[in-house]
Each structure stands twice: as C-alpha cells, then as structure tokens.
Amino acid sequence: MTDSGPVLVLQDAAFRHPGGAGVTGLRLSVDPGQAVAVIGPNGAGKSTLLRGILGLVPLVEGSMRVGGAEHAADGMIGFLPQSSDLDPDFPISLEQVVMQGRYRRLGFLRWPGRRDRELVRGALETVGLVERARTRFGELSGGQRQRGMLARALASEPALLLLDEPFNGLDQVNRDALIDTIRTLKARGVAIIVSTHDLELARRVCDSVLLVNGSQIGCGPVDDVLTLENIQECFEGVEVEIDEHTVVVPGHEGH
Amino acid sequence: MSLGDMLFGAFALPFMGRALLVLVVLSVVAGIVGVLVNLRGLEFISDGLTHAVFPGLAIGLAVGGTAGLVPGAAIAALIGAVLLTLFVRAGVTSDAAVAVVLTATFSVGVLVVSRSDDYSGELEALLFGRVLTIAPEDVVPLLVVSLIAAVAVGATLKQQVFRAFDPHGSRAAGDRGLALDLVLNASIALVVVAGASTVGTLLVLALLIVPGASARLATVRLWWLFPVAAAVGAVSAWLGLAVGFGVSVGAGIDLPAGSTVVAVFVVVYALMLGARLVRDRMARRAPARPETTRLADVPGER
C-alpha cells in the first residue's frame with residue numbers, strides 16, 4: 001500500500017451471500033484519515049458490505065482493492081461487529097479480549113510480547129477503559145463491552161476500521177466516548193467505515209456518506225448525499241432518526 | 001501396607017510404573033484439551049467420539065490382537081472427528097445426530113467383538129480398559145498419541161480460545177474455523193484413543209471432562225485454567241492408581257483400576273465444587289468491596 005493512495009477502492013462492486021441476498025453497484029474510495037458512514041434501513045446490505053470487505057461474503061461483480069491489493073494484508077482491517085452474542089460467563093478479562101486483536105499478527109506459535117502488551121494498553125487508553133483492564137469481560141456494562149471490542153479492533157493496528165452499527169444500544173456517555181475515539185483515530189490516519197441508521201451521528205463524525213438499500217443510492221460528501229430526495233428513496237416508509245428526532249419518511253410520489 | 005507404600009512404593013512395580021507414566025501423561029493432555037471442550041461446550045460431541053472409537057478398537061483387536069488396538073482406534077477416531085466436524089459445520093448436527101452416530105458406531109463395535117471367542121472378556125477390556133496390563137511395547141505409542149494431541153492443541157491454543165469466546169470475531173480476524181475445529185476434534189479423538197486403551201471407552205470421557213470442569217470451579221483466570229486442569233488430571237490419576245492398588249493389595253478388596261481412577265477424578269471434582277460453594281457463600285456474606293460500590297455509582301455505567 002502506498003502512504004498517499006486510497007485504503008479501499010470499490011468499483012461497481014457487488015457482494016452476495018451464497019443464499020442470494022446482497023448489495024450491488026458499489027462505487028467507493030476511502031483515503032487514510034477519512035470516515036465514511038454507510039447508511040440504509042435494516043436489510044439494506046450494510047453488514048453484507050462490511051463483511052464483503054473483510055472477505056467473508058463473496059465479491060460477485062466489479063472489483064475491490066484494499067491497500068492497493070486484491071486481498072487485505074494480515075491485520076490491516078479491524079472489525080467491530082454488531083453487539084456480539086458472547087457468553088458473559090466466559091473466563092476472560094478485558095485485556096485478554098483486546099489482546100485477541102494481536103493474534104492475527106502473532107500467528108500460531110508466537111505469544112504476546114512487550115510491544116503487544118503496550119499496544120493493548122494503548123488501545124484501552126484510547127477507548128477510556130484502561131482501569132478496567134483486568135475486569136472479567138462479562139462483568140462490564142454493555143457500552144463498556146462495545147468499547148472493549150473497539151479496543152480489540154484497534155490493537156490490530158488497522159489501516160481500515162469497519163464498525164457495524166456501533167452506536168446501537170449505547171447510552172449518551174458511551175456514544176460520546178465512541179465518537180471521541182473515532183475522531184482520535186481519524187487524526188491518526190486510520191480510515192473508518194461505520195454502518196449506522198443514525199443520520200445525525202453520521203453528520204457529527206463522518207466526512208462522506210454511502211447510502212444503500214440493496215444497491216448504492218448515493219456516495220459523496222455528507223451534505224451532498226443526505227438530501228431529502230435521497231433519504232426518501234433510501235428509507236421509504238421507514239422510521240429515521242434526524243437531529244435527535246425520529247420521523248417516518250413518506251414514500252416518493254409515484255414511487 | 002503403609003501410606004507411603006501405597007502412594008509411592010507401589011509404583012516401583014513395573015506394571016504400576018507403566019500405568020502411572022501413561023495415565024499421568026494422558027491425564028495432563030486430556031486436562032488441557034478438556035478445558036477447550038468445556039469452553040466450547042463440546043461435551044456431548046466428545047461423548048460421540050468416545051463411542052465412535054469403539055468399532056475401531058474392536059476391529060483392531062480382531063485383526064491385530066492388542067497391537068491392533070491403537071491403530072484401529074486412531075483410524076476410527078479420526079474418521080469420527082472429521083465426520084462430526086463436518087456435521088457441525090453443515091448445520092445438521094444436533095443432540096439427535098450425535099446420538100445416532102454414537103449408538104450406531106457402538107453397535108458396530110459390539111457386533112465385531114461378539115464374533116470373538118472371549119466375547120465377554122474382550123468387551124469388558126474395551127469398555128473399562130486395561131491400565132494395569134499395558135505391555136512395555138505399548139507405552140511409547142500411547143505416549144506419542146497423547147503428545148501429538150498436546151502439540152496440536154498447544155500450537156493453536158490462542159486461536160482456539162479466541163474461537164471459543166467469539167467465533168464470528170475469530171473468523172473476521174482471518175482464522176479458519178474449519179481447520180481449528182478439525183485440529184481440536186482430532187486432538188479430542190487422539191486423547192480418546194489413548195484413553196480407550198487405558199481406562200476404556202466408557203470411562204475416558206471423565207479424563208476429558210472432569211479436569212476442565214474442576215478448573216472452571218477453581219479459577220476465572222483464563223490461562224490458569226490449563227495448568228489447573230492438567231494438575232487435577234495428574235494428581236487424580238496418581239491417587240486413583242494408588243488407592244486402587246492399596247485397597248486391592250492392602251485390604252484384599254479387588255477394585256478395577258480404571259474405574260477407581262475415574263472415581264477419584266469425580267471425588268476431586270466434588271471436593272472442588274464443595275470448596276467453591278463455601279467460598280461463594282462467604283463472599284456473599286462479606287461486605288461489598290469499596291471498588292464495587294464506586295463503580296456502580298459512575299453515571300452512564302449500565
């Protein structure tokens with residue numbers, strides 16, 4: 001990957017699960033330090049897009065370049081899944097969960113060293129949880145677990161960070177902490193793609209928006225893409241949160 | 001017979017020394033593998049594997065005598081491990097599917113054994129083991145089988161724990177779930193192979209399950225689970241053999257060695273369970289720690 005080149009380029013790309021559901025017509029370029037919000041209703045293909053970038057859903061049309069290559073290098077992409085269904089009784093501490101972010105770079109036989117421990121501590125500092133490092137993961141609050149999973153994604157030193165609905169179920173304290181973290185990462189040059197329903201959050205933290213509903217509806221700077229017409233086309237008849245108010249977007253005339 | 005003779009002197013006898021060596025190594029490996037079985041909730045699939053090994057043992061015995069036991073069991077176990085791994089990944093697995101495999105393979109084994117002249121004797125040996133009659137030439141193959149399982153699990157341990165905790169996250173990080181599952185199930189199968197030749201196919205499950213479950217009672221520290229389970233396995237195996245020898249020789253009450261070993265495993269588990277219950281009860285009575293109070297008061301913490 002060149003330092004100045006885009007971290008991710010999608011050209012007329014389509015990702016489709018073997019079962020048939022997918023998302024098509026994707027044209028996107030993400031530079032280092034840029035944050036892109038992927039917005040669309042439930043079932044629009046937001047998670048499919050993120051999993052496609054990870055290589056977990058097949059690319060069936062078009063092309064994808066990650067860091068200039070067809071496949072991402074080990075540890076290049078960090079991923080924060082939607083609230084994970086994890087066993088709260090699993091005997092594992094927060095710092096051990098975050099250390100899992102280093103495993104891809106360590107491989108099978110190497111065990112974590114000093115540098116890995118420093119990176120884990122740095123990731124915990126970034127998300128504001130360093131004082132809970134030794135706490136059992138299942139004893140953390142929902143928001144803290146989400147921030148812990150973000151720290152795990154950060155520990156892999158990703159060039160590209162994928163966040164799948166990271167604000168779902170978070171209270172205001174944890175939402176603000178997450179937004180601060182995203183801003184810090186952008187300043188460090190990490191490219192971020194965040195899927196969300198929340199248009200207001202997209203405005204606060206992202207440089208550009210990708211609107212999808214099965215296929216790409218628009219992509220570009222936030223104010224250019226989040227037009228009433230695009231939102232109506234994307235969210236026809238669906239509840240949308242705009243400026244902290246929830247509204248139902250009416251259907252397009254004659255649509 | 002003195003306590004010292006029972007605990008230490010008995011193992012100067014060659015057959016007891018061989019039994020101790022094989023059983024302690026096997027129990028340590030089974031304890032480490034068993035922690036992963038516990039964390040992944042694979043107890044019932046492990047039970048299926050113990051039964052899948054049975055026809056391999058029976059066919060191995062019929063074809064090559066006692067020298068055919070380990071190869072026969074190994075082939076059957078690895079086939080069983082691959083099949084069960086594929087069942088799980090194809091989504092066709094369920095308790096019913098494992099139960100079908102379990103009973104079908106077991107019945108095949110019994111049919112093969114029933115063709116032999118010494119039906120009941122051989123069936124008993126396969127079911128309950130022959131730990132005190134391990135031949136000198138069988139020691140190395142049993143140790144090698146155990147150590148292969150230990151190396152396979154040890155080399156993938158970080159990734160196995162990651163997968164046990166968060167299978168989707170592990171996959172997203174680039175781990176290959178099928179390969180990790182095959183390694184773990186094959187390791188379980190190899191422990192079952194070595195265990196089936198020592199404590200028998202019915203009792204080997206205790207070596208896999210009890211130390212891991214005991215370790216979960218003793219600690220919530222992830223990386224302590226493995227040495228604790230290994231230690232529980234090793235000490236239980238040693239005490240089990242010693243008690244069996246002491247009672248049989250000292251008191252004249254003939255105890256089957258494999259069953260005695262497993263009984264000691266269960267007694268150790270019961271003691272650790274009792275200690276855990278007492279500890280939890282005392283912790284509930286103790287006043288809340290200041291840290292807990294302070295954290296509960298932090299705004300925004302749910």
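Residues numbered from 1 in each chain as written. Chains lettered and ligands numbered in written order. Predicted model: local features only at pLDDT ≥ 70, side-chain atom pairs only at ≥ 80, totals over all residues. Heavy atoms only, no water.

If you check an unreviewed UniProt entry, chain A appears there as ATP-binding cassette domain-containing protein from Agromyces bracchium.

### Focus: the overall build of chain A
Defined as follows: A helix here means a DSSP run of H or I that spans at least four residues, while a strand means a run of E at least two residues long, and both kinds are numbered starting from the N terminus. Throughout, the radius of gyration refers to the C-alpha atoms, and the reference size of a globule is 2.2 Å times the residue count to the power 0.38. A simple rule labels every residue: compare its accessible area, found with a 1.4 Å probe on the protein chains alone, to the largest value its type can have, and call it buried under 20%, exposed over 50%, or partly exposed in between. Residue contacts are counted whenever heavy atoms from the two residues lie within 4.5 Å of one another. Note on areas: these come from Shrake-Rupley sampling with a 1.4 Å probe, and a residue is covered only by the protein chains present in the view. In this charge count, Lys and Arg are treated as positive and Asp and Glu as negative; neither His nor the chain ends contribute. All charge positions are set by atom: Lys at NZ, Arg at CZ, Asp at CG, Glu at CD.
Along its length, chain A carries nine helices and eleven strands. Here chain A has a C-alpha radius of gyration of 18 Å; the compact-globule value for 255 residues is 18 Å, and the two agree. Along the three orthogonal principal directions, the C-alpha set of chain A runs to about 60 × 40 × 35 Å. Among the 255 residues that make up chain A, the fraction classed as buried is 54%. Across chain A, every contact between residues at least 6 apart in sequence was considered, and the portion connecting residues at least 24 apart equals 67%. As presented, chain A carries roughly 11100 Å² of accessible surface, and 45% of it is formed by carbon and sulfur atoms. Charge centroids of chain A, computed over 25 positive and 34 negative side chains, lie 10 Å from each other.

### Focus: the environment of leucine 86 of chain B
Mapped onto the elements, leucine 86 of chain B comes out in helix α4 (residues 69–90). For the pair leucine 86 of chain B and leucine 178 of chain B, spaced 92 residues apart in sequence, the C-alpha to C-alpha distance is 8.4 Å.

### Some points on the domain arrangement of chain A
All names here are of chain A. Rules: Reported domain spans reflect what an automatic or database domain assignment gives. Buried area is a sum: the accessible area each of two parts loses on coming together, probed at 1.4 Å, counted once for each and added. Salt bridge criterion: a side-chain nitrogen from Lys or Arg within 4 Å of a carboxyl oxygen from Asp or Glu. Residue classes follow a fixed rule: Ala, Val, Leu, Ile, Met, Phe, Trp, Tyr, Cys and Pro count as nonpolar, while Asp, Glu, Lys and Arg count as charged, and any other residue, Gly among them, counts as polar.
Partitioning chain A into structural domains gives domain 1 (1–76 + 158–235) and domain 2 (88–157). A C-alpha centroid distance of 24 Å is found between domain 1 and domain 2. Contacts between domain 1 and domain 2 engage 16 residues on the former and 13 residues on the latter. Here domain 1 meets domain 2 over a buried area of about 1200 Å², counting both sides, of which 61% is carbon and sulfur. Broken down residue by residue, the surface that domain 1 buries against domain 2 is led by Asp74, Pro158 and Asn174, which jointly contribute 36%. On inspection of domain 1 and its partner domain 2, the count reaches zero salt bridges. Elements supplying a minimum of two residues to the side of domain 1 that touches domain 2: β6 (160–164) and α6 (172–187). Element by element, the count of residues in the side of domain 1 that touches domain 2 is highest for α6, at five residues. Here the residues of the side of domain 1 that touches domain 2 sort into ten nonpolar, three polar and three charged.

### Things to note about the side chain of serine 46 of chain B
Note on placement: serine 46 of chain B falls in helix α3 (residues 43–64). Setting aside its immediate chain neighbours within four residues, serine 46 of chain B contacts Val37, Ile188, Leu205 and Leu208 of chain B.

### Observations concerning the packing of aromatic side chains
Residue and element names in this part refer to chain B. Which entries qualify depends on this criterion: Classification of ring pairs uses Phe, Tyr and Trp, with its six-membered ring standing for Trp, and accepts pairs whose centres are within 6.5 Å; under 30 degrees between planes counts as stacked, over 60 as edge-to-face, and the remaining range as tilted.
In total, this model carries seven aromatic pairs over all chains according to the counting rule given. Relative to phenylalanine 106, the ring of phenylalanine 54 has its centre 4.6 Å away and its plane inclined at 25°; by these criteria the two rings are stacked. Separated by 52 residues along the polypeptide, phenylalanine 54 in helix α3 and phenylalanine 106 in helix α5 (residues 95–114) bring together distant segments of the chain. One exposure class covers both phenylalanine 54 and phenylalanine 106, and it is buried. Here tryptophan 223 and phenylalanine 226 contribute two aromatic rings whose centre-to-centre distance is 5.9 Å and whose plane-to-plane angle is 25°, an arrangement assigned as stacked. Placement of both tryptophan 223 and phenylalanine 226 in helix α12 (residues 222–250) is noted, with a separation of three residues, approximately one turn of the helix.

### Considerations on α6 of chain A
Residues and elements named next belong to chain A. Rules: Helix span, as expected, comes to 1.5 Å for every residue beyond the first.
An ideal rise of 1.5 Å per residue puts 22 Å on 16 residues; α6 measures up with 23 Å between its terminal C-alpha atoms. Along α6, the positions that sit buried rather than exposed are Asn174, Arg175, Ala177, Leu178, Ile179, Thr181, Ile182, Leu185 and Lys186. Glycine 189, located one to two residues past α6, shows a positive phi value of around 95°.

### Focus: the packing of helix α4 (residues 114–126) of chain A against helix α5 (residues 142–155) of chain A
Residue and element names in this part refer to chain A. Where we set the bar: Axis angles are defined between N-to-C directions and span 0 to 180 degrees, where every axis is a line fitted to C-alpha atoms and, for a helix, only to the segment in contact. By definition in this entry, angles of less than 35 degrees are roughly parallel, angles greater than 145 are roughly antiparallel, angles of 65 to 115 are roughly perpendicular, and the rest are oblique. For a crossing to be left-handed, the near helix must be turned anticlockwise from the far one by less than a right angle; the clockwise case is right-handed.
Contact geometry for α4 and α5: axes closest at 8 Å, N-to-C directions at 135°. Of the possible angle classes, the one that applies to α4 and α5 is oblique. Crossing geometry of α4 relative to α5 is assigned as right-handed. Each of Ala123, Leu124 and Thr126 in α4 lies in contact with α5, whose residues at this interface are Ala151, Leu154 and Ala155. In terms of residue class, the contact of α4 with α5 is made up of five nonpolar, one polar and no charged.

### Some points on the interface of chain B and chain A
Note the cut-off: Each polar contact in these results corresponds to two N or O atoms within 3.5 Å; when the atoms are within protein, one needs to be able to donate a hydrogen and the other to accept it, and residues that are neighboring in sequence are counted only if both atoms are side-chain atoms.
Chain B puts 28 residues into the contact, and the matching count from chain A is 34 residues. The tally of links between chain B and chain A comes to one salt bridge. For aspartate 166 of chain B, the salt bridge goes to arginine 152 of chain A, with nearest N and O atoms at 2.7 Å. Linking chain B to chain A there are eight residue pairs in polar contact (both at pLDDT 80 or more). Contributions of two or more residues to the side of chain B that touches chain A are made by α8 (157–165), α9 (167–172) and α12 of chain B. A total of seven residues in the side of chain B that touches chain A trace back to one element, the largest contributor, which is α8 of chain B.

### Description of α5 of chain B
Since the α-helix advances by 3.6 residues per turn, residues separated by three or four positions end up pointing in the same direction. Residues and elements named next belong to chain B. We apply this condition: Read the arc as the range of directions from the helix axis to the C-beta atoms.
The terminal C-alpha atoms of α5, which comprises 20 residues, lie 28 Å apart, in line with the 28 Å expected from a rise of 1.5 Å per residue. Buried within α5 are the following residues: Ala97, Val98, Leu102, Thr105, Phe106, Gly109 and Val113. Buried positions in α5, seen along its axis, are confined to an arc of 155° and lie on one side of it. Opposite the buried face of α5, at more than 90 degrees from it, the exposed residues are Val100 and Leu111.

### A word on a nonpolar patch on the surface
Residues and elements named next belong to chain B. The following threshold applies: For patch detection, residues must exceed 30% relative accessible area and be free of salt bridges, and they are connected within 9 Å for like charges or within 5 Å for nonpolar side chains (Val, Leu, Ile, Met, Phe, Trp, Tyr).
Residues Leu13, Phe15 and Leu132 make up a contiguous nonpolar surface patch of roughly 210 Å² in combined accessible area. If you trace the backbone, phenylalanine 15 turns up in helix α2 (residues 14–40). Residue phenylalanine 15 is classed as partly exposed on the basis of its relative accessible area of 31%.

### Some words on the nonpolar core
What counts here: As used here, the term nonpolar core means buried Ala, Val, Leu, Ile, Met, Phe, Trp, Tyr and Cys residues forming a set that is joined through side-chain atoms within 4.5 Å.
Counting 130 residues, the largest nonpolar core has Ile39, Phe137, Leu161 and Ile192 of chain A together with Leu23, Val33 and Ile188 of chain B as the members making the most contacts within it. No other element matches α2 of chain B, which puts twelve residues into this core. For this core, the two domains that each supply at least three residues are domain 1 (1–76 + 158–235) and domain 2 (88–157) of chain A. With 30 residues, the next largest nonpolar core counts Val7, Leu8, Leu26 and Val212 of chain A among its residues.

### So, the pairing of strand β3 (residues 35–39) of chain A
All names here are of chain A. Note the following rule: Strand pairing follows a simple DSSP-based rule, namely that at least 2 bridges must link the two strands.
Burial analysis of β3 places five of its five residues in the buried class, the great majority of the element. With burial as the criterion, each face of β3 is covered, one bearing Ala35, Ala37 and Ile39 and the other bearing Val36 and Val38. Sheet topology places β3 next to strand β7 (residues 191–196); five bridges connect them, and they run parallel. Residue valine 36 lies in a different strand from β7, and its bridge partner there is isoleucine 193. Here four bridges tie β3 to strand β8 (residues 208–212), and the two strands are oriented parallel to one another.

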